[in-house]
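So you can see what is in the structure, the chains are spelled out below.
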Amino acid sequence: MRLGKIPVILFLGLLVVVLVFVNVLLYTTLQWKDKQIKQATTQELPLQQLEFKNLPLDSSGQYKIQRNFLVSKIHQDKGQQDVILVTHCTPNHLHYILDLSVHWKGPISLAVFVPGYDVLWSYDSLLGLYQCDKKFKERVIVHLVYPLSHPPADNELERALKQALSGNRNCHEFIDRLRRSHLSKQNYAIENVPYPNNLLRNVGRSSVPPWNYIFVVDVDMMCNEDLYQSFLRLAQQLNLFANKKDKRVFIVASFESKQKLLPSLTKQELVDLWNHGNVQPFYYQVCWKCQRHLDYNSWKSYHSLSNGLEIAYYIEWKDPWEPFYIAPNHVPLYDERFKQEENYRVPGPLGKLHDGCCILNEEQSRTLAISLSVFILISSNFCKQKLCFL
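Residues numbered from 1 in each chain as written. Predicted model: local features only at pLDDT ≥ 70, side-chain atom pairs only at ≥ 80, totals over all residues. Heavy atoms only, no water.

An unreviewed UniProt entry lists the protein chain under the name Beta-1,4-glucuronyltransferase 1, with Acropora cervicornis as the source organism. The Subcellular location (unreviewed entry) comment attached to the protein chain in UniProt states, word for word, "Golgi apparatus membrane". According to its UniProt record, the protein chain has this under Cofactor (unreviewed entry): "Mn(2+)". (UniProt positions renumbered as here; feature names shortened; annotations may be inferred.)

Structure (structure tokens):
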């Protein structure tokens, strides 16, 4: 009996050895693949122009600018007729890009404000996004803005970049950590460091050819999945790209909501919520004079003549007005003297240069319709969500 058990014991022992070997082999293979992916990703990263002292200054001489810190695949085709979403943030709000890149199917130009004490955190977050999120790698171009009032330690950047590249990154843990990073700081209230929002907007625009169109939004906004494709179709119908002197600005009607709403919400559904007091026009309580010139009642009563995106009506420029808009990138740059909450989304002399503000409208009820862009914003005011109809 004992002799009969020996082969069984030997077989089980051999099986354990084989299983351990297979496990080690699989683990080693995965580590090798991760290393290869990381090395391939690292080779694609721009390691040039990392001497802080050699980075160009902005016009005020208060900020260093590092353009094209990360360049996406889609931005390499510079001759393409396109509409680019331009946005900006501090490193603790980079997690919004994960959602924004899902809803916006086109290229994104992102400008990140990086005080010296956030350099390593910024690099680690941006490289993690580049390595762990395919949409980010393929469609987001990144620029960095460093305040000279809070420069990096020893005015040196390369050490922080190498440190960010050196660690082993688990993508699931990284994404989870990134989504929780907003709890540590406020995006527009970094202590003793004014947030240069208009400079960041201009830096984000700097990578966009003047004949292409831009949609400048805050990073905590989200839009429905067909926004990008639908405006491209409208641009082709209106022959916008061929007419490089076109000065029309396409205004987006924006709303706020107390609760999260679906991107598939139709205009009629939104109007019903509006009538019942569940949504309201953007900045209705905070700064109604900044938004009322869109004439929300005219937008509300307009009925689309087709199932596609179309111009609802024209409005001449009035002051003050801070709309969200889509426009050719040859419109004037933003006034960089304004910082923090002084948004001034409209470029300085824009009202004198455009041929009118085109208010967009869409009544299509399908999910892929561009009737609604959802802009999510966590706020202490009325809104927890911004809604944008085109």
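Text resumes after the structure shown.
*Asks:* In this structure, what is going on with a nonpolar patch on the surface? I would like to understand it.
*Replies:* Taken together, the side chains of Leu12, Leu15 and Leu19 present a nonpolar region at the surface, about 280 Å² in accessible area. Relative to the assigned elements, Leu19 resides in helix 1 (residues 2-44). Judged by relative accessible area, which is 52%, Leu19 ranks as exposed. (Patch = residues over 30% accessible without salt bridge, like charges linked within 9 Å, V, L, I, M, F, W, Y side chains within 5 Å. Areas by Shrake-Rupley, 256 points an atom, 1.4 Å probe, with all protein chains shown as cover. Salt bridge = Lys/Arg side-chain N within 4 Å of Asp/Glu carboxyl O. Helix = DSSP H or I, 4+ residues; strand = E, 2+ residues; numbered from the N terminus. Buried < 20%, exposed > 50% of the residue type's maximum accessible area, 1.4 Å probe, protein only.)

*Asks:* Sorry, what's going on with the environment of Glu158 here?
*Replies:* By the element assignment, Glu158 lies in helix 5 (residues 158-166). Once the C-alpha coordinates of Glu158 and Leu50 are considered, the two residues, 108 residues apart in sequence, prove to be 5.9 Å apart.

*Asks:* Is there a simple way to think about helix 3 (residues 119-132) in this case?
*Replies:* Within an α-helix, residues lying three or four positions from one another point in the same direction, as the helix has 3.6 residues per turn. Given a rise of 1.5 Å per residue, 14 residues ought to cover 20 Å, and the 20 Å separating the end C-alpha atoms of helix 3 matches this to within 8%. Those residues of helix 3 that fall on the buried side of the exposure criterion are Val119, Ser122, Tyr123, Ser125, Leu126, Leu127, Gly128, Leu129 and Tyr130. (Expected span 1.5 Å × (residues − 1).)

*Asks:* Explanation requested: the nonpolar core in the structure shown.
*Replies:* Across soluble globular proteins, nonpolar side chains have a tendency to be buried as a group. Of all hydrophobic cores here, the largest spans 90 residues; its most connected members are Tyr123, Phe136, Val142 and Phe231. Counting 10 residues, the second largest nonpolar core, distinct from the first, contains Tyr63, Ile65, Ala111 and Leu199. (Core = buried A, V, L, I, M, F, W, Y, C linked by side-chain atoms within 4.5 Å.)

*Asks:* Whenever I open this one, the state of the cysteines confuses me. Can you help?
*Replies:* A covalent bond between the sulfur atoms of two cysteines is referred to as a disulfide. Inspection of the entire model under this criterion finds 2 disulfides. Each disulfide pairs two cysteine sulfurs, and for Cys287 the partner residue is Cys290, the sulfurs being separated by 1.9 Å. Its S-S torsion of about 45° marks the bond between Cys287 and Cys290 as right-handed, since a negative value means left-handed. Listing the disulfide partners of the protein chain by sequence rank of the bonded cysteines yields 1-2, 3-4. (Disulfide = S-S within 2.5 Å.)

*Asks:* Just to check I follow, could you spell out helix 9 (residues 267-275) for this structure?
*Replies:* Among the residues of helix 9, Lys267, Leu270, Val271, Leu273 and Trp274 are the ones counted as buried. With its buried residues spanning 160° around the axis, helix 9 presents them on a single face. Positioned one or two residues after helix 9, Gly277 has a phi angle of 80°, which is positive. (Arc of directions from axis to C-beta.)

*Asks:* Help me out: how do you make sense of unusual backbone geometry in this one?
*Replies:* Leave glycine aside and you will find that most residues have negative phi; peptide bonds, for their part, are mostly trans. Cis geometry marks the peptide bond from Asp319 to Pro320; its omega dihedral reads 0°. Tracing the sequence through the fold places Pro320 in the loop between strand 8 (310-315) and strand 9 (324-328). The backbone phi angle of Asn68 is positive, close to 60°, even though this residue is not glycine. One non-glycine residue with positive phi stands out, namely Tyr283, at about 65°.

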